[in-house]
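So the chains spell out like this:
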Amino acid sequence: MKHYNPENEPQDSRARRAVKPVVCYPTESLVPAEMDRLLTARQDLEKVGAVTVPPRDARCFEVPAGHFFRIVSRDGAQVGDLNLWALNDLNEKFYSGKTRALHGTHLSTGDRMWSSFPYLRPLATVTHDTLDWYGWDEFGGSVHDVIGTRCDPYTAKLLSGVDYHYCCHSNLIRALADHKKMPMNEAEAYVHDVLNVFMCTGFTLDTHQYFMKASPVRPGDYLEFFAETDLLGGLSACPGGDCSSEHSSNEAACFPLEVEIFRSHAPEVRDWIPPAPSSYARTHG
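Residues numbered from 1 in each chain as written. Predicted model: local features only at pLDDT ≥ 70, side-chain atom pairs only at ≥ 80, totals over all residues. Heavy atoms only, no water.

1. Brief notes about the environment of A252
Note that A252 resides in the loop between β12 (231-237) and β13 (257-264). Sequence-wise, A252 and P239 are 13 residues apart; in three dimensions their C-alpha atoms are separated by 7.0 Å. (Helix = DSSP H or I, 4+ residues; strand = E, 2+ residues; numbered from the N terminus.)

Right under this line is the structure:
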């Protein structure tokens, strides 16, 4: 955390602090998601597939471009860590940092999940969020964050000295390795920072540290996405359960998550054309 040392404070410190902030990435020129088109299309959905993610484990799933998918709470309060890749190119993967810079620390309806360089295009768009009522609480918390990286065995080892193999990082590695029939050390290179689905997080108002609190998710809640391109997803049912106490634990109550995949029969998405990758020439000067 950042420490304050009054001995170093200059005479013009008040004026320096009073400088008004500027948004780093103004998005007025950003082409928005075609929400009218997508909201119309989601009124005519046929469920075509489902994948159950067991507690403290992960599974992969595939979603064709132009389809919708939901992450659903079934049996109890449970958060999930989501990875997304372009189906035919694992090098194109979800870029949580750039998504955070463009849309903010937490995602909801209308926000998009952007892919990594050099592609930088929307992979998925959030089309419905049953937790959009939560907004922001008195602690500065909200749901579905792109702040946290994912619980992992390396940080667990660093902080507690324990080998814990069912962190979301390891869960996602096993799921990807199994789905793509590749060695786990190869799969690990493709696992990346996540969208923390249903997780309630923020930064403490005093020390500005990343915090978590009990998720408001209940059975029946879901977060819905539209697949902008052919997708491979990986979802881990976090060993923290609702993340009300511990981040990685064998003690927390954990529940399965369901991924549901839908086809729309609406003409608005019948011949969906995926967005093109970035047109930057990659000359780099």
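So, next bit.
2. Quick notes on the sheet that holds strand β1 (residues 45-53)
The strand order β1-β13-β3-β11-β7-β6 describes an open sheet built from six strands, whose pairing is antiparallel. Two strands lie at the open edges of the sheet, namely β1 and β6 (112-114), each paired on one side alone. Strand-to-strand, the axes of this sheet are offset by a mean angle of 25°, without reference to chain direction. (Pairing = 2+ DSSP bridges. Axes fitted to C-alpha atoms, helices over the stretch in contact; angles between N-to-C directions.)

3. A word on the nonpolar core
Grouped together as the largest cluster of nonpolar side chains are 40 residues, with contacts concentrated most on L82, L84, L195, F198 and F225. Mapped onto this core, the elements with two or more residues apiece are β2 (58-63), β3 (68-73), β4 (80-86), β7 (122-129), β9 (195-203), β11 (222-227), β12 and β13. Examining the composition of this core, we find that five residues originate from one element, β9, more than from any other. Core analysis: the second largest hydrophobic core is formed by 16 residues, L87, L90, A177 and V191 among them. (Core = buried A, V, L, I, M, F, W, Y, C linked by side-chain atoms within 4.5 Å. Buried < 20%, exposed > 50% of the residue type's maximum accessible area, 1.4 Å probe, protein only.)

4. A closer look at the packing of aromatic side chains
Taken as a whole, this structure holds seven aromatic pairs when the rule is applied. The interplanar angle of 55° and the centroid separation of 6.3 Å between the aromatic rings of F203 and Y210 together place this pair among those described as tilted. A relative accessible area of 36% means that F203 is categorised as partly exposed. Following the ring pairs from residue to residue traces out a cluster consisting of F61, F69 and F225. Positioned above the aromatic ring of Y222 is the side chain of R70, whose terminal nitrogen or guanidinium carbon lies 4.4 Å from the ring centre. Note that R70 overlies the ring of F262, its terminal NZ or CZ placed 4.6 Å from the centroid. (Phe/Tyr/Trp six-rings, centres within 6.5 Å; stacked < 30°, edge-to-face > 60°. Lys NZ or Arg CZ within 6 Å of the ring centre and 35° of its normal.)

5. Section: unusual backbone geometry
That bond from F117 to P118 is cis: its omega, 5°, falls within 30 degrees of zero. Among the secondary structure elements, P118 is positioned in the loop between β6 and β7. The phi torsion at K181 lies on the positive side, around 55°, for a residue other than glycine. K181 sits in the exposed class, given a relative accessible area of 68%. Its identity as a non-glycine residue notwithstanding, R282 has a phi of 65°, on the positive side. The topology assignment puts R282 in the segment after β13.

6. Observations concerning the confidence of the model for the protein
Summarising the model, the protein shows a mean pLDDT of 96, and 100% of its residues fall at 70 or more. Mean pLDDT across the secondary structure elements of the protein bottoms out at helix α4 (residues 153-160), with 94, and peaks at β12, with 99. (pLDDT = per-residue confidence, 0-100.)

7. Examining the pairing of β9
Across the nine residues that make up β9, a large majority, eight, are buried. Taken together, the three bridges between β4 and β9 define a ladder with antiparallel strand orientation. Opposite G80, over in β9, you have V197 as the bridge partner. Inspection of the sheet shows strand β8 (residues 142-145) paired to β9 by three bridges, in the antiparallel sense. The partner of V143 across the bridge, within β9, is C200.

8. Notes on helix α5 (residues 168-180)
In this model, α5 (13 residues) spans 18 Å end to end at C-alpha, consistent with the 18 Å of a helix rising 1.5 Å per residue. At its buried positions, α5 is contacted by β2, β4, β5 (89-93), α4, α6 (184-188) and β12. Just downstream of α5 lies K181, where phi reads positive at about 55°. (Expected span 1.5 Å × (residues − 1). Contact = heavy atoms within 4.5 Å.)

9. Considering the side chain of D129
Along the chain, D129 falls in strand β7. No salt bridge is formed by the buried D129; the nearest opposite charge belongs to R42, separated by 10 Å. A polar side-chain atom of D129 sits 3.0 Å from a polar atom in the side chain of H144. Once you skip the residues sitting within four places of it in the chain, D129 turns out to touch L107, S108, T109, H144, Y222 and L223. (Lys, Arg positive; Asp, Glu negative; His and termini not counted. Salt bridge = Lys/Arg side-chain N within 4 Å of Asp/Glu carboxyl O. Polar contact = N/O pair within 3.5 Å; in protein donor to acceptor, adjacent residues only side chain to side chain.)

10. Describing the environment of S245
When you line up the elements, S245 lands in the loop between β12 and β13. A residue is classified by how much of its surface remains accessible, and S245, at 55% relative accessible area, is exposed. Each C-alpha atom, one on S245 and one on A214, is 7.7 Å from the other, the two residues being 31 residues apart in sequence.

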